[in-house]
Amino acid sequence: MDKAAIYEQVAKEISAVNDGETSHIARYATACCLLNQAFVQFYWTGFYLVDPLKPNELVVGPYQGTLGCLRIPFGKGVCGAVAASGKAAVVDNVHEFPGHIACDSKTNSEIVVPVFDAQGKLASVLDIDSTEISTFSAVDQIALEAICKTLLL
Ligand code: SME
């Protein structure tokens, strides 16, 4: 199966499992678990949520992988840059990204996609880290943006 077909399959599984579930935490948990299992290079897949008490800070949410840092200020690292801009980032080599936050030295490339609520306000970011360089492309970005649109009710 090619990448796009795998994403199509995972998107269906996420929708089926989340059907009728109203908890956003549960919906995020389903998505990160199934995405993390879909590709061998993904070793950290999870969400950083906008902290309602500190609106310019992300706090870690459901994830799969090694221990992630708990908080990321807007503007810091890849997740913080995406939270500040509201635009997805594909990073071929994290070692060349200024200010990259290395929670685990195994990360070589990553993709971060914003998640918006029904009012169009930033709610979280999806962060996927890969052990390999240049894992992610526009194919991943398009598929993950589509999945992220289905997560919040
Ligand atoms: N990669 C992120 C930090 C979070 S961890 O990798 C889990 C970043 O630079 O934004």
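Above this text you will find the structure in question.
Residues numbered from 1 in each chain as written. Predicted model: local features only at pLDDT ≥ 70, side-chain atom pairs only at ≥ 80, totals over all residues. Heavy atoms only, no water.

Visitor: What is the right way to read the site of the ligand from this model?
Guide: All residues in the neighbourhood of the ligand are listed as Trp44, Tyr48, Ile72, Gly77, Val78, Cys79, His100, Ile101, Cys103, Glu110, Asp127 and Asp129. Glu110 has a polar side-chain atom sitting 2.8 Å from a nitrogen atom of the ligand. Burial of the ligand by the protein amounts to 99% of the accessible area it has alone, namely 310 Å². When residues of the shell around the ligand are assigned to their parent elements, the largest contribution, three residues, is made by helix α3 (residues 77-85). For the shell around the ligand, a count of residues per class yields seven nonpolar, two polar and three charged. (Near = heavy atom within 4 Å. Polar contact = N/O pair within 3.5 Å; in protein donor to acceptor, adjacent residues only side chain to side chain. Areas by Shrake-Rupley, 256 points an atom, 1.4 Å probe, with all protein chains shown as cover. Helix = DSSP H or I, 4+ residues; strand = E, 2+ residues; numbered from the N terminus. Nonpolar A, V, L, I, M, F, W, Y, C, P; charged D, E, K, R; others polar.)

Visitor: What is the right way to look at helix α2 (residues 24-38) in this model?
Guide: In an α-helix there are 3.6 residues to a turn, and that puts residues three or four apart on one side. Taking 1.5 Å of rise per residue, 15 residues should cover 21 Å, and α2 covers 21 Å from first to last C-alpha, within 8% of that figure. If you check which residues of α2 are buried, you get Arg27, Tyr28, Thr30, Ala31, Cys32, Leu34, Leu35 and Asn36. (Expected span 1.5 Å × (residues − 1). Buried < 20%, exposed > 50% of the residue type's maximum accessible area, 1.4 Å probe, protein only.)

Visitor: Explanation requested: the packing of helix α1 (residues 3-18) against helix α4 (residues 138-149) in the structure shown.
Guide: Axes are the key here: two packed helices are described by the angle between their axes and the distance separating the axes. It is the contact of α1 with α4, at a shortest axis distance of 10 Å, that shows an interaxial angle of 10°. Classified by the interaxial angle, the pair formed by α1 and α4 is roughly parallel. Here α1 contributes Lys3, Ala4, Tyr7, Ala11 and Ile14 to the contact with α4, which in turn contributes Val139, Asp140, Ala143, Leu144 and Ile147. A breakdown of the residues in the contact of α1 with α4 according to their chemical character gives eight nonpolar, no polar and two charged. (Axes fitted to C-alpha atoms, helices over the stretch in contact; angles between N-to-C directions. Parallel < 35°, antiparallel > 145°, perpendicular 65-115°, else oblique. Contact = heavy atoms within 4.5 Å.)

Visitor: Which parts of the structure should I look at to understand the nonpolar core?
Guide: The nonpolar side chains of a soluble globular protein tend to be buried, and buried together. Counting 26 residues, the largest nonpolar core has Tyr7, Ile14, Tyr28, Leu35, Phe47 and Leu144 as its most contacted members. Secondary structure elements with two or more residues in this core: α1, α2, β1 (42-51), β5 (109-116), β6 (122-130) and α4. With five residues, the single largest contributor to this core is α2. What Ile14 contacts, discounting residues up to four positions off in sequence, is Thr30, Ala31, Leu34, Leu35, Ile147 and Leu151. Ranked by size, the runner-up nonpolar core spans 17 residues in total, among them Ile72, Val91, Leu122 and Val125. (Core = buried A, V, L, I, M, F, W, Y, C linked by side-chain atoms within 4.5 Å.)

Visitor: Mind showing me how you'd approach the side chain of Asn108 here?
Guide: Among the secondary structure elements, Asn108 is positioned in the loop between β4 (89-91) and β5. Polar side-chain contacts of Asn108 include one of 2.7 Å to the side chain of His95. The contact partners of Asn108, leaving out residues within four places of it in the chain, are Asp92, Asn93, Val94, His95, Ser130, Thr131, Glu132 and Ile133.

Visitor: I keep staring at the environment of Asp51 and nothing clicks. Help me out?
Guide: If you trace the backbone, Asp51 turns up in strand β1. In this structure Asp51 comes out as buried when scored by relative accessible area, which is 7%. Along the backbone, Asp51 and Ala123 are 72 residues apart, and their C-alpha atoms lie at a distance of 8.7 Å. Setting aside anything within four residues of it in sequence, one finds Asp51 in contact with Glu57, Val59 and Arg71.

Visitor: I would appreciate a short explanation of α3 in the present structure.
Guide: Along α3, the residues classified as buried are Gly77, Val78, Cys79, Gly80, Val82 and Ala83. Contacts from the buried residues of α3 go to β1, β2 (54-64), β3 (71-73), β4, β5 and β6. Looking one or two residues past α3, Gly86 carries a phi angle of roughly 75°, positive in sign.

This is a description of form; function is not addressed.
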